[in-house]
Amino acid sequence: MSFGRLERREAPKPMGEINMTPLIDVMLVLLVIFIIAAPLMGSALKLDLPKSDAASPTPGASFIALSITPEGEYVLGDDKLDAKAMRERLAQLAQRQPDAELRLSADQSVPYGKVAQLIGWAQKAGLNRIAFVAENGEPADDAEPAKGAAPPPKR
């Protein structure tokens with residue numbers, strides 16, 4: 001029986017280059033994500049919505065998104081409108097979608113009178129389903145009352 005020597009092969013040399021293909025794939029995926037997400041982040045209104053435990057959206061077929069900014073501007077969808085244009089648009093929307101729900105988002109600093117005025121315009125136009133948008137969570141007990149509001153009752 002003869003024992004032969006096994007041939008020794010050289011160990012593979014370490015790769016001195018970086019494979020760029022996976023890196024390019026990851027960068028392209030991130031680019032697509034940012035292209036899709038950028039318009040969504042730019043059009044969002046910065047509102048300090050009131051908090052409520054019952055703040056859960058109800059499923060509805062169609063709704064109209066309406067907001068009042070802290071500066072008191074009316075925003076219907078993405079369009080900023082003045083008072084006269086807002087009344088006209090509400091009337092048009094009521095004719096097209098009489099059963100649509102009006103989802104009203106108002107900043108906490110907006111005076112109640114401005115919100116009540118907007119509700120009156122909507123009802124006069126024929127939009128009677130009005131929902132108030134709020135954030136989920138319990139309101140803080142130490143929150144300051146609004147200007148001109150009566151202090152909370154003492155227990």
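Conventions we followed
Residues numbered from 1 in each chain as written. Predicted model: local features only at pLDDT ≥ 70, side-chain atom pairs only at ≥ 80, totals over all residues. Heavy atoms only, no water. Pairing = 2+ DSSP bridges. Helix = DSSP H or I, 4+ residues; strand = E, 2+ residues; numbered from the N terminus. Axes fitted to C-alpha atoms, helices over the stretch in contact; angles between N-to-C directions. Contact = heavy atoms within 4.5 Å. Phe/Tyr/Trp six-rings, centres within 6.5 Å; stacked < 30°, edge-to-face > 60°. Lys NZ or Arg CZ within 6 Å of the ring centre and 35° of its normal. pLDDT = per-residue confidence, 0-100. Buried < 20%, exposed > 50% of the residue type's maximum accessible area, 1.4 Å probe, protein only.

Novice: Quick question: what am I supposed to make of the sheet that holds strand β5 (residues 101–106) here?
Specialist: Hydrogen bonds between backbone atoms are what pair the strands of a sheet, whose relative direction is either parallel or antiparallel. Taken in spatial order, the five strands make up an open sheet running β4-β3-β2-β5-β6, and their pairing is mixed. Edge strands, defined here as strands with exactly one partner in the open sheet, are β4 (79–81) and β6 (130–132). Across this sheet, the average inter-strand angle for adjacent strands is 30°, counted without regard to direction. Judged from the three bridges that link them, β5 and β6 form a sheet pairing that is parallel. Bridging from a neighbouring strand, Arg103 pairs with Ala131 of β6. Along the sheet, helix α2 (residues 83–96) makes contact with β2 (63–68), β3 (74–76), β4 and β5, crossing β3 at roughly 30°.

Novice: Quick question: what am I supposed to make of the packing of aromatic side chains here?
Specialist: By convention here, two paired aromatic rings are described through the distance between centres and the angle between planes. Applying the stated criterion to the full structure yields one aromatic pair. Here the basic side chain of Arg87 rests over the ring of Trp121, its NZ or CZ set 5.1 Å away from the ring centre. The positively charged end of Arg103 is found above the aromatic ring belonging to Phe63, 4.0 Å away from the centroid.

Novice: Would you mind going over the confidence of the model for the chain with me for this structure?
Specialist: For any part of a model where pLDDT is low, the fine detail of the predicted coordinates should not be relied upon. The share of residues in the chain with pLDDT of 70 or more is 71%, and the mean pLDDT across the chain is 77. Of all the helices and strands in the chain, strand β1 (residues 51–52) carries the lowest mean pLDDT, 62, while α2 carries the highest, 89.

Novice: How do you make sense of the environment of Gly126 when you look at a structure like this?
Specialist: Within the secondary structure, Gly126 sits in the loop between α3 (112–125) and β6. Classification of Gly126 as partly exposed rests on a relative accessible area of 32%. The sequence separation of Gly126 and Gln95 amounts to 31 residues, and the corresponding C-alpha distance is 8.0 Å. Filtering out sequence-adjacent residues up to four positions away, Gly126 remains in contact with Ala94 and Pro98.

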